[in-house]
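Topology and contacts: notes
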Number of protein chains: 2
Amino acid sequence: MTPRHNDAAEIANKRTVSRRRFLTAASVAGSGFAGRALADTLADVPARAPGGPMSGHSGRSQYVHLARIPEAGPGLRHVDPSNAINSKTPLNKLVGSLTPTDLHYERSHAGVPDLDPTEHRLLIHGMVRRPMVLRVDDLQAMQSVSRIHFIECTGNGWENWKTADPTLTVQNTHGLVSTNEWTGVPLRFLIDLVSKDRGSNWMLAEGGDGAGVDRSIPLTDEILDEAFVAYGQNGEPLRPAHGFPIRLIMPGFEGNLNIKWLRRLKFGNQPWMTRWETDRYTQLLADGEARQFQLRMETNSVITSPSGMMEIRPGENRVTGLAWSGHGKIAKVEISTDAGKTWKDAQLTQGALRKAQTRFQMDWIWDGNPTKIVSRSTDEKGNVQPDRKSFIDRVGTNALFHYHAQQTWAIDAMGRVTNVLA
Amino acid sequence: MTPRHNDAAEIANKRTVSRRRFLTAASVAGSGFAGRALADTLADVPARAPGGPMSGHSGRSQYVHLARIPEAGPGLRHVDPSNAINSKTPLNKLVGSLTPTDLHYERSHAGVPDLDPTEHRLLIHGMVRRPMVLRVDDLQAMQSVSRIHFIECTGNGWENWKTADPTLTVQNTHGLVSTNEWTGVPLRFLIDLVSKDRGSNWMLAEGGDGAGVDRSIPLTDEILDEAFVAYGQNGEPLRPAHGFPIRLIMPGFEGNLNIKWLRRLKFGNQPWMTRWETDRYTQLLADGEARQFQLRMETNSVITSPSGMMEIRPGENRVTGLAWSGHGKIAKVEISTDAGKTWKDAQLTQGALRKAQTRFQMDWIWDGNPTKIVSRSTDEKGNVQPDRKSFIDRVGTNALFHYHAQQTWAIDAMGRVTNVLA
């Protein structure tokens, strides 16, 4: 083994050197590394590997470990899955903007039914001229749309209302949001089909799970234009945890309005005041007022790497995360690496889609001193994600839903990253 | 049970009536169906169902059956998977435009290795000032892009060069194309990093599988702008069948150029004339000329429903399918339901993405007489998918690759759909 080859092996095997190398490539020009003989460098590349058989399904690598975390509610991790009420997406391990179908977050109020699609029906009635009972294959024979949208549980972020558990990962703090491609029938098509009365400006949507979650939805132009009854998810039929055989998609609005296992749409002229809107999804504000029908999900973002429970090294690091808004497209994401004192524009990894998660990134040289990193997003309507202080001043800490304050991660002198309030 | 309720049950249970009902809704206005009491219609909706537990992964419904078909080559279905050379996507059962990750088509020359990402290396060398050996986590720390693109095996469609087996489904005829979101490092970033010589205008990309597939790639501006080294697929790490831990993404070009298990990029100033380009991926034309480096995938489309081995009924049917082009966006898809005599514009289900599959659809009333249905796509550069006769006149029937003639499905008096040449 020549000394030159030793250099090459060292570079290939030492993480720190390797990480810095590509970011300071210009500085090594003309060093012994350049001009190294082909035979030497090829020695660093592992031999080719024989393969296993072709198959009906491409499984994950034995080296990849991805799973959601079933939880029983805020602060209630590590539960028996049969007691869980939600299951969070591992945002810390994902790349790009889409969420793998089997890792899309779950939230349900009576577990996950697997309904027989040939028996399932959708009743459409109330203030309509022609009430109808539709089969799933009726819906599949109608005109369809396919749209990439995020869905977010209105409880996403609920871990950090009052205190910040330093052991939380971004999967714990923000894992109740996901982005998939959804396919189904526009609500407007169904409304024309049943000939809704002009006087009807509210719709009740009811699920077919044991809890029968039902919500009143105001028929604004935006919702009439964008809502649809979906049967497809990332190219295939919905999965049971996500509403198979059909669910409502309400782009940009509370996850619980995207009614899963949809069995009924009723049209009326006032909200039904179901228990889900008089009790569960009512928001207690700082001044003691209880707010109902706070339906839209707000402008949000979070740095997914580096994030809670990760460790970084001094030098070049890539800061990356996800941003989303129920108001429309993400227009800008800024990152602060000095606890919010100064901000730099992050790069958006691809064109931002309307009401979908958008990946952002920025290169950053960490000097090894303790600091805090934080992101804030701005959407195309000009809504800016609030800092925690102004958000809490306005909403207080007794609320449970619509937490969308900027997320701060602290980094200590050892490079350990932890969840903090600000 | 009242007579009125009998009507409702009849409507809900009879497929033909049900299918026609929503398309002729206007004609039933004022019938006994409208104004039916709520209690009656609710009786048609199944009771709510209790649910199973939350989980780490959302599996498919017990009622959904989706799998690829491993094949040994043109006409060689139903093989032992260990002898298969590819595995085809079930286009007939998918919706939307994305392909489920585990159903993305497979094509490999030495099976599917599952490489250890901590051991894997990417060597970049040749006509460069700073040859490098990169680890996978080096790549993950660099700036990245996320793009939704189709990948298509250059052999896609090879079943129909000479004859049309009437038992083939669209999975058999066109299942070697899929669309995923891919995430990775732009080729330009890597080229700047190693400081490529200006005189280098070709790149060799080599895979780490047992076959060591390697291809010479011309460094056109388009390829320099769009190619990237991917580590992510639909939000997660690549799966082994699709190149884990890293693969090349060459948007719009032959699938085999999207080198899986990528272990080497070498820069030079002429093609390497590997056996994959002197033997395998050379195209024998009608005039006896053998064409090399026919790299771009052409403008293509196929109706996925109704398609081979399906059955339809007279009356309203929805015609839907997928269109794609290696030249850019799909601009238009037309459908003929009279064997190509007349054409109507289909509706694109969502905004067409550059070099990605686009879903199209059209409502159609079948009169019950035997006929043939066919689609043809046009891309933003004005390329029109050719009919079979003009395509075969030009290319002949001795070729094996780049079949992209219009696909015709015949429908007999019983509604049975079969694969035909035109």
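Our subject is the structure listed above.
In this text the structure is predicted, and so the values were computed from the model without any measurement. (Residues numbered from 1 in each chain as written. Chains lettered and ligands numbered in written order. Predicted model: local features only at pLDDT ≥ 70, side-chain atom pairs only at ≥ 80, totals over all residues. Heavy atoms only, no water.)

Concerning the sheet that holds strand E5 (residues 132-135) of chain B
Residue and element names in this part refer to chain B. Spatially, 5 strands are ordered E5-E4-E13-E8-E9 in an open sheet, and the strand pairing comes out mixed. Looking at strand neighbours, the two that pair on one side only are E5 and strand E9 (214-218), the edges of this open sheet. Taken pair by pair, the neighbouring strands of this sheet meet at an average axis angle of 20°, ignoring direction. One ladder, built from 4 bridges, connects strand E4 (residues 121-126) with E5; its direction is antiparallel. (Pairing = 2+ DSSP bridges. Helix = DSSP H or I, 4+ residues; strand = E, 2+ residues; numbered from the N terminus. Axes fitted to C-alpha atoms, helices over the stretch in contact; angles between N-to-C directions.)

Quick notes on the interface of chain A and chain B
In this complex, chain A contributes 124 residues to the contact, which on the side of chain B involves 124 residues. Taken together, the two surfaces of chain A and chain B that pack against each other cover about 9,900 Å², and 56% of this comes from carbon and sulfur. Taken together, the connections running from chain A to chain B amount to 4 salt bridges. The residue B:Arg60 makes a salt bridge to A:Glu236 at a minimum N-O spacing of 2.6 Å. (Contact = heavy atoms within 4.5 Å. Buried area = accessible area lost by both parts, 1.4 Å probe. Salt bridge = Lys/Arg side-chain N within 4 Å of Asp/Glu carboxyl O.)

Topic: the environment of A:Pro46
All names here are of chain A. Along the chain, proline 46 turns up in the loop between helix H3 (38-42) and strand E1 (69-71). Judged by its relative accessible area of 29%, proline 46 falls in the partly exposed class. As for proline 46 and arginine 318, which are separated by 272 residues in sequence, their C-alpha atoms are 27 Å apart. (Buried < 20%, exposed > 50% of the residue type's maximum accessible area, 1.4 Å probe, protein only.)

Quick look at the side chain of A:Asp102
Residue placement: A:Asp102 occurs in the loop between strand E2 (86-88) and strand E3 (106-107). Residue contacts for A:Asp102: discarding those within four places in its chain leaves A:Arg60, A:Arg68, A:Arg239, B:Gly56, B:His57 and B:Ser58.

Quick look at the packing of aromatic side chains
On inspection of all chains with the given rule, the structure shows 8 aromatic pairs over all chains. For the pair B:Phe391 and B:Tyr403, a centre-to-centre distance of 5.4 Å together with 80° between the ring planes defines the contact as edge-to-face. Of this pair, B:Phe391 sits in helix H9 (residues 388-395) while B:Tyr403 sits in the loop between H9 and strand E23 (408-411), and the two are 12 residues apart along the sequence. For B:Phe391, a relative accessible area of 2% corresponds to the buried category. Given a relative accessible area of 5%, B:Tyr403 falls into the buried group. Three or more aromatic residues link up through ring pairs in this structure, and these residues are A:Trp161, A:Phe391 and A:Tyr403. Above the face of the A:Trp182 ring, A:Arg247 is positioned so that its terminal group lies 5.2 Å from the ring centre. Geometry around B:Trp276 places B:Arg275 over its ring, the cationic atom sitting 4.2 Å from the centre. (Phe/Tyr/Trp six-rings, centres within 6.5 Å; stacked < 30°, edge-to-face > 60°. Lys NZ or Arg CZ within 6 Å of the ring centre and 35° of its normal.)

A look at the relation of the copies chain A and chain B
Placing chain A over chain B gives an RMSD of 0.0 Å and needs a rotation angle of 180°, together with 0.0 Å of translation along the axis. Read as a symmetry element, the transformation amounts to a two-fold axis. Both copies share a contact surface, since 100% of the interface residues of chain A are interface residues in chain B too. (Least-squares fit on C-alpha atoms with pLDDT ≥ 70 in both.)

Regarding the environment of B:Cys153
All names here are of chain B. Relative to the helices and strands, cysteine 153 is located in the loop between strand E6 (145-152) and helix H5 (170-174). Distance in space between the C-alpha atoms of cysteine 153 and glutamine 140 is 27 Å, their sequence separation being 13 residues. The contact partners of cysteine 153, leaving out residues within four places of it in the chain, are Tyr105, Arg107, Leu176, Gly255 and Met297.

Side note on helix H9 (residues 388-395) of chain A
All names here are of chain A. Taken together, the buried positions of H9 are occupied by Arg388, Phe391, Ile392 and Val395. Considered in projection along H9, the buried side chains sweep an arc of 95° and stay on one side of the axis. In H9, the exposed positions angled more than 90 degrees off the buried face are occupied by Lys389, Asp393 and Arg394. Residues of H9 that are buried in the fold lie against strand E14 (283-284). Sitting at the head of H9, aspartate 387 places a side-chain oxygen 3.1 Å from the backbone nitrogen of lysine 389. Positive phi appears at glycine 396, one or two residues downstream of H9, with a value of about 80°. (Arc of directions from axis to C-beta. Polar contact = N/O pair within 3.5 Å; in protein donor to acceptor, adjacent residues only side chain to side chain.)

With respect to the sheet that holds strand E19 (residues 344-345) of chain B
Residue and element names in this part refer to chain B. Taken together, the 5 strands give an open sheet; going across it, the order is E19-E18-E22-E23-E24, and neighbouring strands pair in antiparallel fashion. Both edges of this open sheet fall to E19 and strand E24 (417-420), since each of them pairs with a single strand only. One ladder, built from 4 bridges, connects strand E22 (residues 371-379) with E23; its direction is antiparallel. Bridging across to E23, threonine 371 finds its partner in isoleucine 411.

What about the pairing of E4(B)?
All names here are of chain B. Among the 6 residues in E4, 5 count as buried, and that is most of the element. Hairpin connection from E4 to E5: 5 residues lie between these consecutive antiparallel strands. Of the strand pairs in this sheet, E4 and strand E13 (residues 262-268) are connected by 4 bridges, and their pairing is parallel. Its bridge partner lying in E13, histidine 125 is registered against lysine 266.

Points about unusual backbone geometry
Residue and element names in this part refer to chain A. Cis geometry marks the peptide bond from serine 305 to proline 306, where omega comes out at 0°. Tracing the backbone shows proline 306 in the loop between strand E16 (300-305) and strand E17 (315-324). Although it is not a glycine, asparagine 234 adopts a positive phi angle of roughly 50°. For asparagine 234, the position within the fold is in the loop between strand E10 (228-233) and strand E11 (236-237).

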